[in-house]
Amino acid sequence: SVQASSIADKLTKAMTTDQLYLDASLSLPKLAKHIAVSPSYISQTLNEHIGMNFFDYVNHYRVAAAKIQLSNSDSTVLDIAMNVGFNAKSSFYTAFKKETQLTPSQYRQAQLPTRAQQNNNACPSK
């Protein structure tokens, strides 16, 4: 429905532009208030239109942000978990593994060869 896709667009904007997922205490009512849509409409849209529940949806954005930080920073896994809106390392691990089939450390290891190559390319060899 037009309404569902308009709500889906608002949700995407709340996550990508406003980065609400960074708020560790983000709740469905809080999100609903932010985009001025009732919580039940949001739930319905997420389930029917996007095929995720509220927590999986928010964690999807958190994990995506974490993947960037794992690849591009030397911050600890715990720091990254906190940076992207998780309030516990365990919930970060669970969400990360559900999304990527890897632990954050395994993911970071897998990114290392590309980082090393980028670093080598950055400094011209003498």
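Predicted, not measured: the structure shown is a model, and the values here were computed from it.

## As for the side chain of Thr100
Here comes step 1: Here Thr100 lies in helix H6 (residues 89–100).
Here comes step 2: Given the relative accessible area of 14%, Thr100 is considered buried.
Here comes step 3: There is a polar contact of 2.8 Å between the side chain of Thr100 and the backbone oxygen of Phe96.
Here comes step 4: Once residues within four sequence positions are removed from consideration, Thr100 is found in contact with Val63 and Lys67.

## A look at the nonpolar core
Here comes step 1: Residues Leu11, Met15, Leu31 and Ile42 are the most contacted members of the largest nonpolar core, which totals 31 residues.
Here comes step 2: Within the residue set of this core, elements represented by two or more residues are helix H1 (2–16), helix H2 (28–35), helix H3 (39–50), helix H4 (54–72), helix H5 (77–83) and H6.
Here comes step 3: Counting residues per element, this core draws most heavily on H4, which supplies eight residues.
Here comes step 4: In this structure Met15 touches Leu20, Tyr21, Leu26, Leu31, Tyr57, Val58 and Tyr61, once residues within four positions along its chain are discounted.

## Comments concerning the layout of surface pockets
Here comes step 1: For the largest pocket, the calculated volume is near 280 Å³.
Here comes step 2: Taken together, 18 residues line the largest pocket, and the ones lying closest to its centre are Phe55, Asp56, Asn59, Phe86 and Ala95.
Here comes step 3: Put simply, the parts of the chain that give the lining of the largest pocket at least two residues each are H4 and H6.
Here comes step 4: In terms of residue count, the dominant contributor to the lining of the largest pocket is H4 (seven residues).
Here comes step 5: Here the residues of the lining of the largest pocket sort into eight nonpolar, six polar and four charged.

## As for the packing of H1 against H2
Here comes step 1: In the contact formed by H1 and H2, the axes pass within 10 Å of each other and the chain directions differ by 105°. Taken together, H1 and H2 sit at an angle that is classed as roughly perpendicular. On H2, the residues touching Lys10, Leu11, Ala14 and Met15 of H1 are Leu31, His34 and Ile35.
Here comes step 2: Counted by class, the contact of H1 with H2 contains five nonpolar, one polar and one charged residues.

Criteria and thresholds
Residues numbered from 1 in each chain as written. Predicted model: local features only at pLDDT ≥ 70, side-chain atom pairs only at ≥ 80, totals over all residues. Heavy atoms only, no water. Helix = DSSP H or I, 4+ residues; strand = E, 2+ residues; numbered from the N terminus. Buried < 20%, exposed > 50% of the residue type's maximum accessible area, 1.4 Å probe, protein only. Polar contact = N/O pair within 3.5 Å; in protein donor to acceptor, adjacent residues only side chain to side chain. Contact = heavy atoms within 4.5 Å. Core = buried A, V, L, I, M, F, W, Y, C linked by side-chain atoms within 4.5 Å. 1 Å grid on protein atoms, 1.4 Å probe; cavity = no way out; pocket = protein on both sides within 12 Å on 5 of 7 lines; lining within 4 Å. Points joined across faces, edges and corners; volume = space filled by probe spheres on them. Nonpolar A, V, L, I, M, F, W, Y, C, P; charged D, E, K, R; others polar. Axes fitted to C-alpha atoms, helices over the stretch in contact; angles between N-to-C directions. Parallel < 35°, antiparallel > 145°, perpendicular 65-115°, else oblique.

Everything listed here is a matter of geometry and, on its own, says nothing about what the molecule does.
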